[in-house]
Amino acid sequence: MNILDWKTKQNNVEVPFCPARVVLQDFTGIPAMVDFAAMREAVRNAGGDPVKVNPACPTDLTVDHSLQIDFSKCAIQNAPNPGGGDSQKPMAKLSPLKAQPRKLPCRGQTACKGPCSAGDSSRNSGQFSAQIENTPILCPFHLQPVPEPETVLKNQEMEFGRNRERLQFFKWSSKVFKNISIIPPETGMAHQVNLEYLSRVVFEVKDFLYPDSVVGTDSHMTMVNGLGILGWGVGGIETEAVMLGMPVTLTLPEVVGCELTGAASPLATSIDIVLSITKHLRQADVAGKFVEFFGSGVSQLSVADRTTIANMCPEYGAILSFFPVDNVTLKHLKHTGFDKAKLEVMEAYLKAVKLFRNDESSSRQPEYSQVVQISLSSIIPYVSGPKRSQDRVAVNNMKSDFQACLNEKSGVKGFQIAVEKQNDIVPVQYEGNEYKLSHGCIVIAAVISCTNNCNPSVMLAAGLLAKKAVEAGLVVKPYIRTSLSPGSGMVTHYLSSSGVLPYLSKLGFEVVGYGCSTCVGNTAPLPEAIRNAIKQGDIIACGVLSGTKNFEGRLCDCVRANYLASPPLVVAYAIAGTVRIDFETEPLGTGFNGKSIYLRDIWPTRKELHTVEEECVISSMFKELKEKMEKGNKRWNLLEAPESTLFPWDLKSTYIKCPSFFDKLAKEPVSPQPIENAHVLLYLGDSVTTDHISPAGSIARSSAAAKYLTNKGLTPREFNSYGARRGNDAVMTRGTFANIKLLNKFIGKPAPKTIHFPSGQTLDVFEAADLYQKEGIPVIILAGKKYGLGSSRDWAAKGPFLLGVKAVLAESYEKVHKSQLIGIGIAPLQFLPGENPSTLGLTGREQFSVLFPPELSPGMTLDVKTSTGKVFSVIALFENDMEITLYKYGGSLNFVARRFL
C-alpha cells in the first residue's frame, strides 16, 4: 500500500495507526478500567492467565471529571467592604503587577505575613491549616503563600467523600496494572494536564526518536494539536483496544488546509477566533477529515491561541486540527521549562524529517485535498448559542438575536414565546431583596475548564476586566451562580500572581476546584426562589459559560438558553445580568457616584494583556506545577486500596460492578445474525447528541436509575451523577436515553419515554427495553441526521447494547459514535441518500427485519423488510474490513480479550 499516492488513495485505503500513548479522563476512564478488571476475571474463568491482561500502550488516566460545585462564592464576595475604610468611596486603583499593601485584605487568611488587614468576613473567619496541593495561591499584594480558599477545601472534601469507591478502584488499578499511571483528583483537566505535563512533542527512547502522538477518551484531546502533536479523541471502546496493543484503523482521510491570513482585531479574543473558525469549517464540511493550519496568520498566533483553536475541532466535526511545530512552538516550550538540549535535538529531528514549519524558508505552500481561507482581521467578538455551539451570534447583535429566538418557532434556536408575554417580569425575593426576572436574565455564569484555560490571555482578560469593574463600583447580582473552575493549578497561580483573583472573587467568580463542573451538568442547584420564579413565569433563563458544550438543559433543567462566550464576556454578561443588552449603547450598570459604566470603559487592551502575561506566565510556574503533580496530593497518597491480581468486587457497591460484556467470550467469530421482527425502541430526529443518549449530569429523582439507587438504600443526596457511576452498568443502562430533553417522535414532547408496542404502554425507555428483552423481541432505533453528535462517550454505545438494541438506522452519523456502535456490536445502518423514514412512509410502529450475508463487505447495501410488506435498501456503514471483523466478534472488547485465552 503506497499512501504517498494520497490523491487516489484517500477515502479508499485503510491506515492502521499505533499512537505513542493513550490519555483517559475518569468519566470514560473508569468504565475502561472496569472492563480491564472484568477481562481479567473472564480470562481467569476461561483458563487463561489474568496477570497478562495489562495495557500494552503507555496510558495516563487523569481523575478530573468528579468535581461538583457544592460550595461557591467565598467571603470576599460577600464581604460588604473587602477593602476596609469608607465603603462609599471607590477602591484605589492597583497595578496587577506590583504588590501594594493595605489596599485589599488577604481575605482573612492569617498565613499571609504582611501589613494587610483581615477585613470583615463572617464566612471566612478562622484559620485554615490545609495547603493547596496543586500550586500555592499567593496573596497578590505580598506574593506570600496563603491557605487554600474555603470553597476549594470544601469541594475537595465532598469530591473525595462521594467518590471514595471510585478513587479506591483507581488506586487499585495503579497498583496492579502495568504501563498505566493515575493522575489524582485536583491536579487538573485531562487535556490541560496532557498539554502542560504529559506532552513530549518528540519521544526519545533508547536513542530512538519518533513524533509524539496520542489518542484518548476525551473529545478535546485535539488540544495538543496546537503543540504540533498528532492527537485526537476516540471512543472509550476503541481506546481500550489501543491500550491492549491494537492500532487505530481509519480510512486514509482527506487533509484540509486552513489558510490563516492577517492579524486579529484587538477586541477579538481567542474564543472569537475559535467560534469563527468553527463556523467556517462546519460550512466547509470537514467532518471525518484532518485539518492542518498554514499561512502567514499562523505565525501571529501564540501556542495558547493555537491550542484553543485546536481544542474546538470536535465541534466542527474534524478528526483533528494540526498546527505544525515552528519557532513559536519552540519559544513556548523554552518558556515553559523544556530542557535546552532536548529542544535542540527536537528542532534538528523535526527539520530532518520535514515536520517543521518555517514561513521564511518555505519555497511553496503544502498541497492539500482542499483549502479553506480565513482572514483573522475580519473576525469580531461573537458568542455562540442558545442551544448549539455552531450557531454564532455577533456580540453587537446579541440583543436582537435573542429577541428573534423568543419569536421563532421551537427548534434549534427558537423558544416560541407569545408576543404578549415576551416582556413579562417576575418579581422574586432573595436574601432580603427584591429582584426582577425576565426573559434573557442570566442565572448561571461560569468561567470553566474547557477551551480557555490553556490560554493565559483570555483568562487574564477576564481578571483584568473584573479588576476594572470592581474599581468602577460594578457588582453581580447574588442569585447568579458564578464560578471559576481552572484547568489546573497553574491557572490559579498566574491569576493570583497577577493580582486579579481577588477581583474575580469579589464578583463571585471564586475558584471552586479543578476539573469539569458546569460543562458536564455539575452545577449546584439554583436557589429555590429563583427556580420557582423561572418556572412560574415560564422564563427563558440563560447560562453563559466559557466552555464548548451548550446543549439545551445541560447546565440545569430550568435554564433553557445557554451561550458560549470568552471568559471576559462571561464576566461582562454576569455584571449586566441579562443577554438582552447592546454593549455599544447600553451600560453594564451604575458605578460609584451614579456613573454609567459601559463595556468599553473596562475592556482590557491587548497591550495590558501582553504586559501581564509576560510578567506572570513564567517557566517557574510550569516547573512547580509538574513537581507537585508528580507528588500527588495528601488525600490521594493516604487512600488505601487492595493489591490483589483480581479486583475484589463488592456486590453491595453502587459505583463499581462487574459488567456482562465478556459473558459470551468466544475464540472464533460467528456469522452476523439476522435481525428479525424488531420493534423500534425510539424514533428520533436530527442532531441527537451523546448527551441525549447517555447523560453525564445529575440523576433525576423520577428516573429509572434513581429507582434502582433508592432500592439500594441511597438517598437523593447520595445519587451523585451519571458520569461518576459509569463503573456500574446497572445504573448506566437505566440512564441510557434518560435525558429530559430527549424528543421521541412516538411521544411528541421532550421526555425520556417511549411506547412498548405489544402492550401499548408508555414507559421509561429502560422499562420498555427491559420488557422487550424479557419477551425475546429485538429492538432498533430510527434516527435522522448526525446521530451521536458531541463528546465521545462509550456508554452512548454500551447502554443501547445492554438495552437490546441490535441496529441503529439513521440518515447520517457522527464518525466517532458510529465507530463506537461497531465496537460494541451494534450495526450502524444508513438510509440511502435522499431517503428517510418520512420519504419511505415509515411510522416507526412497524416491525423490521434485516438479513446479513455470511460475508459482509465495506459499504454493502442491505435490504430491510417491514411487517407491512415494505422493502427498502440501507447501507451497512462498515468502512473497512477491521470494522467488519470487530462486529463479527461482538465488538472490540471480545476481539481483544480472546488473545489472552
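What counts as what
Residues numbered from 1 in each chain as written. Predicted model: local features only at pLDDT ≥ 70, side-chain atom pairs only at ≥ 80, totals over all residues. Heavy atoms only, no water. Pairing = 2+ DSSP bridges. Helix = DSSP H or I, 4+ residues; strand = E, 2+ residues; numbered from the N terminus. Axes fitted to C-alpha atoms, helices over the stretch in contact; angles between N-to-C directions. Buried < 20%, exposed > 50% of the residue type's maximum accessible area, 1.4 Å probe, protein only. Polar contact = N/O pair within 3.5 Å; in protein donor to acceptor, adjacent residues only side chain to side chain. Contact = heavy atoms within 4.5 Å. Disulfide = S-S within 2.5 Å. pLDDT = per-residue confidence, 0-100. Parallel < 35°, antiparallel > 145°, perpendicular 65-115°, else oblique. Nonpolar A, V, L, I, M, F, W, Y, C, P; charged D, E, K, R; others polar.

Caption draft 1: The arrangement of the sheet that holds strand S29 (residues 779-782) in detail. Taking strand neighbours around the barrel as the criterion, the 7 strands line up as S26-S29-S30-S31-S34-S33-S32 in a closed arrangement whose pairing is mixed. Geometrically, the sheet is characterised by an average inter-axis angle of 40° between neighbouring strands, direction not taken into account. By the bridge criterion, 4 bridges tie S29 to strand S30 (residues 805-810) in an arrangement that is parallel. If you follow Ile780 over to S30, its bridge partner there is Ala807.

Caption draft 2: Quick peek at the side chain of Gln422. Structurally, Gln422 can be placed in the loop between helix H12 (398-407) and strand S18 (425-430). Gln422 gets classed as buried once you look at its relative accessible area, which sits at 4%. Within the structure, the side chain of Gln422 is placed 3.0 Å from the backbone oxygen of Ile417, a separation counted as a polar contact. Once residues within four sequence positions are removed from consideration, Gln422 is found in contact with Gln403, Leu406, Asn407, Ile417, His439 and Arg580.

Caption draft 3: Highlighting the state of the cysteines. All told, the structure shown has 0 disulfides when counted by the stated rule. Among the cysteines around Cys441, which has no disulfide bond, Cys542 carries the closest sulfur, lying 6.7 Å off. For Cys441, a relative accessible area of 3% translates into the label buried. Its relative accessible area of 0% is what places Cys542 among the buried residues.

Caption draft 4: The confidence of the model for the protein, seen in detail. Overall, the prediction assigns the protein a mean pLDDT of 82, with 84% of residues at 70 or greater. Confidence over residues 74-147 falls short of pLDDT 50; this stretch has 164 contacts with residues more than four positions distant or in other chains.

Caption draft 5: Broad picture of the packing of helix H7 (residues 236-243) against helix H27 (residues 815-824). Two numbers describe how H7 lies on H27: the axes approach to 8 Å, and their chain directions differ by 65°. In terms of their interaxial angle, H7 and H27 are classed as roughly perpendicular. Between H7 and H27, the residues in contact are Gly236, Ile237 and Glu238 and Val816, Ser819, Gln820, Gly823 and Ile824, respectively. Grouping the amino acids of the contact of H7 with H27 by side-chain chemistry returns 3 nonpolar, 4 polar and 1 charged.

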